[in-house]
Amino acid sequence: MKFEDLLLEIGGFGRFQIFILFILCLPRINLPMHFLLHNFLAATPSHHCAIPHQEAFVNLTMEEVLLISIPQEPDGTYSSCEMFSQPQFHLLLNSSLQPENNSIIQHCQHGWVYDHSQFTSTISTQWDLVCEQRGLNQATATFFFIGVTMGAVIFGYLSDRFGRKAMLLVSLVFSVIFGMLSAASVSYSMLAITRTLTGVALSGVSLIILPFGMEWVDIQHRTFSGILTSIFWSIGNMLLAMVAYLVREWHWLLVAVTGPCLLSIVCLWWVPESARWLIANGKVKQAQRHLLQCARMNGRKDFTRGEGLFPSFHLSQALRRMSTNKKPGQSYSYISLFRTPVLRKISLCSGAVWFGVAFSYYGMSMNLTGFGLNMYLSQFLLGIVEIPAKMIMYVLVNRVGRRQSQAWALILTGLSIGANVIIPKSETLFSFTSLRPVVAIMGKGFSEAAFTTVFLYTSELYPTILRQNGMGYTSFVARLGGALAPLVFLLDEVWRSLPEVMYCGVAVCCGSVAFLLPETLNVRLPEGIEDIEKAQ
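Parameters and conventions
- Residues numbered from 1 in each chain as written.
- Predicted model: local features only at pLDDT ≥ 70, side-chain atom pairs only at ≥ 80, totals over all residues.
- Heavy atoms only, no water.
- Helix = DSSP H or I, 4+ residues; strand = E, 2+ residues; numbered from the N terminus.
- Rg over C-alpha atoms; globule rule 2.2 N^0.38 Å.
- Buried < 20%, exposed > 50% of the residue type's maximum accessible area, 1.4 Å probe, protein only.
- Contact = heavy atoms within 4.5 Å.
- Areas by Shrake-Rupley, 256 points an atom, 1.4 Å probe, with all protein chains shown as cover.
- UniProt positions renumbered as here; feature names shortened; annotations may be inferred.
- Core = buried A, V, L, I, M, F, W, Y, C linked by side-chain atoms within 4.5 Å.
- Expected span 1.5 Å × (residues − 1).
- Salt bridge = Lys/Arg side-chain N within 4 Å of Asp/Glu carboxyl O.
- Axes fitted to C-alpha atoms, helices over the stretch in contact; angles between N-to-C directions.
- Parallel < 35°, antiparallel > 145°, perpendicular 65-115°, else oblique.
- Left-handed = near helix turned anticlockwise from the far one by under 90°.
- Nonpolar A, V, L, I, M, F, W, Y, C, P; charged D, E, K, R; others polar.

A count of helical and extended segments in the chain gives 22 helices and 4 strands. Taken over the C-alpha trace, the chain has a radius of gyration of 27 Å; the compact-globule value for 536 residues is 24 Å, and the two agree within 12%. C-alpha extents for the chain along the principal axes are approximately 100 × 45 × 40 Å. The buried share of the chain, taken over its 536 residues, is 55%. Of the contacts formed within the chain by residues at least 6 apart in sequence, a portion of 81% connects residues at least 24 apart. Here the chain has roughly 22,500 Å² of accessible surface; of this, 64% comes from carbon and sulfur atoms.

This part takes up the UniProt feature "transmembrane region" (unreviewed entry) in the chain. Mapped onto the present numbering, the UniProt feature "transmembrane region" (unreviewed entry) falls at residues 12-31, 139-159, 166-186, 192-212, 224-246, 252-271, 346-364 and 376-396. Secondary structure over residues 192-212 splits into 100% helix and 0% strand, and the C-alpha atoms at its two ends are 31 Å apart. Regarding residues 376-396, the helix share stands at 100% and the strand share at 0%, and the terminal C-alpha atoms are separated by 31 Å.

The next thing to look at is the nonpolar core. Core analysis: the largest hydrophobic core is formed by 124 residues, its most contacted members being Phe-35, Leu-168, Tyr-362 and Phe-451. For Phe-35, the residues in contact, after removing those within four places along its chain, are Phe-144, Phe-145, Val-148, Leu-202, Ser-206, Trp-233, Tyr-362, Met-366 and Arg-479. Cys-49, Tyr-78, Ile-105 and Val-130 belong to the second-largest nonpolar core, a separate cluster that totals 19 residues.

Side chains that are three or four residues apart share a direction in an α-helix, a result of its 3.6 residues per turn. With 20 residues, helix 7 (residues 164-183) should reach 28 Å at 1.5 Å per residue; the first-to-last C-alpha distance of 29 Å fits that figure. Along helix 7, the positions that sit buried rather than exposed are Arg-164, Met-167, Leu-168, Ser-171, Leu-172, Ser-175, Val-176, Phe-178, Gly-179, Ser-182 and Ala-183.

So, on to the side chain of Ser-475. Within the fold, Ser-475 resides in helix 20 (residues 467-488). Beyond its immediate chain neighbours, meaning those up to four positions away, Ser-475 contacts Ala-152, Ser-203, Leu-207 and Trp-354.

So, about the pattern of salt bridges. All chains considered together, the criterion is met by 7 salt bridges. One salt bridge connects Arg-222 with Glu-460, and the closest N-O pair in it is separated by 2.9 Å. Here Arg-222, found in helix 9 (residues 222-246), pairs with Glu-460, found in helix 19 (residues 435-461); they are 238 residues apart in sequence, far enough to count as distant. Judged by its relative accessible area of 3%, Glu-460 falls in the buried class. Taking the shortest distance from any N to any O, the salt bridge between Glu-386 and Lys-444 comes out at 2.4 Å. Of the two residues, Glu-386 is situated in helix 17 (residues 375-399) and Lys-444 in helix 19; the sequence distance between them amounts to 58 residues. Both residues of the pair, Glu-386 and Lys-444, belong to the buried class. Ionic contacts of the salt-bridge type, sharing partners, join the residues Asp-160, Arg-164, Glu-215 and Arg-467 into one network.

Right, let's get into the packing of helix 17 against helix 19. Where helix 17 meets helix 19, the axes come as close as 8 Å, and the angle between the chain directions of the two elements is 50 degrees. The orientation of helix 17 with respect to helix 19, classified from their angle, is oblique. As for how helix 17 packs across helix 19, the hand of that crossing is right-handed. Across the interface between the two elements, Leu-381, Leu-382, Val-385, Glu-386, Ala-389, Lys-390, Met-393 and Val-397 of helix 17 pack against Ile-441, Lys-444, Gly-445, Glu-448, Ala-449, Thr-452, Thr-453 and Leu-456 of helix 19. In terms of residue class, the contact of helix 17 with helix 19 is made up of 9 nonpolar, 3 polar and 4 charged.

Turning to unusual backbone geometry, a few remarks are in order. The backbone phi angle of Asp-128 is positive, close to 50 degrees, even though this residue is not glycine. Relative to the elements of secondary structure, Asp-128 occurs in the loop between helix 5 (123-126) and helix 6 (134-162). By relative accessible area, Asp-128 is classed as partly exposed at 26%. A positive phi angle, near 55 degrees, is found at Cys-131, a position not held by glycine. With respect to the element layout, Cys-131 can be found in the loop between helix 5 and helix 6.

Below is the structure:
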């Protein structure tokens, strides 16, 4: 007898499962509010060099002071990183006669002046992370994703060792602690360290929620639970746009996106440990208690009396028979993912797919200003477009299967990014100004479809005894992609379109690798490694 048979006896998908999924979806809302926070936390408003002794120009307007003090770019805007060593008063007579002698142009010597019309303050304005320090600004996102990468390894192993619920609680508690410490940062170094540690903590939330919920539902509702959990990510995406619009000061913005974790900590009290994990680890009595609780809440009183499929033996005996054949003292680690041939192929291919999904997703999500729309509107629209994308994937993964859906969603993401490289950014004989945002939003929809599918798909590929190790490993690879994505923007100094070309190429290549993975549609969740190897 398999665990799925037992789930059907206790209601399959009833009030108990709906209740658990709802509670697990609450912390899911918080994830994009931190993972995509860099767009607003580190936003760089328009700026120019601070002009010394500005009081000496009392007879000049501010525009005239800028004209004689700051060189102009070819498009007529003032330089963000350079200034004249001496005032160029002749420009007052003819502003088109820009000096050709570069010796009188120097880097900013007295700091910068920022436009505060959109942001009260960001980390960019707080510590002057512009011009030569621009790399440190982008590195803030990289530090966060390095933390997420480390957390994937840590929580992937620990949640298989000590349980889903305990590690989810630990993750949420430390997310609150380090999130609040980030808000209280008094230096860039402190912010970099605390954001890294926040990434470590939040990685557990990202890693555990979907498999945790999926382990409580039957085969028929597995896709629904995965899509439902993913929709709450999109809700968090839209909420981030609204919160960032209302809170324009970076310290309080961090407080606003961290606070809701406290509600998740309280609600987690009513969520039981995964019965699958308990059975796989020989904790039959605890599993029996939670299964009886599930049966009572789902109205299956016949199950609690030992009727149905259990007329001749007690539930505890059935659970012991279902328990994975695990030798005493035997433990599993990340190395176990590569010991057997089929599992090794799954691990290598799924790792490549996860890298491509995360690399392209965060490459698009952290380039809000490149869509030709207001950044708050861009963030909100990109959150909205994810929901129909998830609805479509709900149909596709059940009709055409996980493998085809995963591969084509990622390939189409890359092709959409590549299309925007070709579409002109400036006005031409034919206007393309409205086409770029449309293609970008379509690409974001494909990207989110790929991300939604890969969580569901990977949870079904790995056996129960290694599921969190597998999720930890793939999440580790994905966060490498997430950490590299913001740094790729710096390559625009080599060639303006080089970042988009890289996002496109990686997405198409990694999407093609998905064709090598096995199909999991309507297949029982594997419990042990032998289930994986025998199925091929």
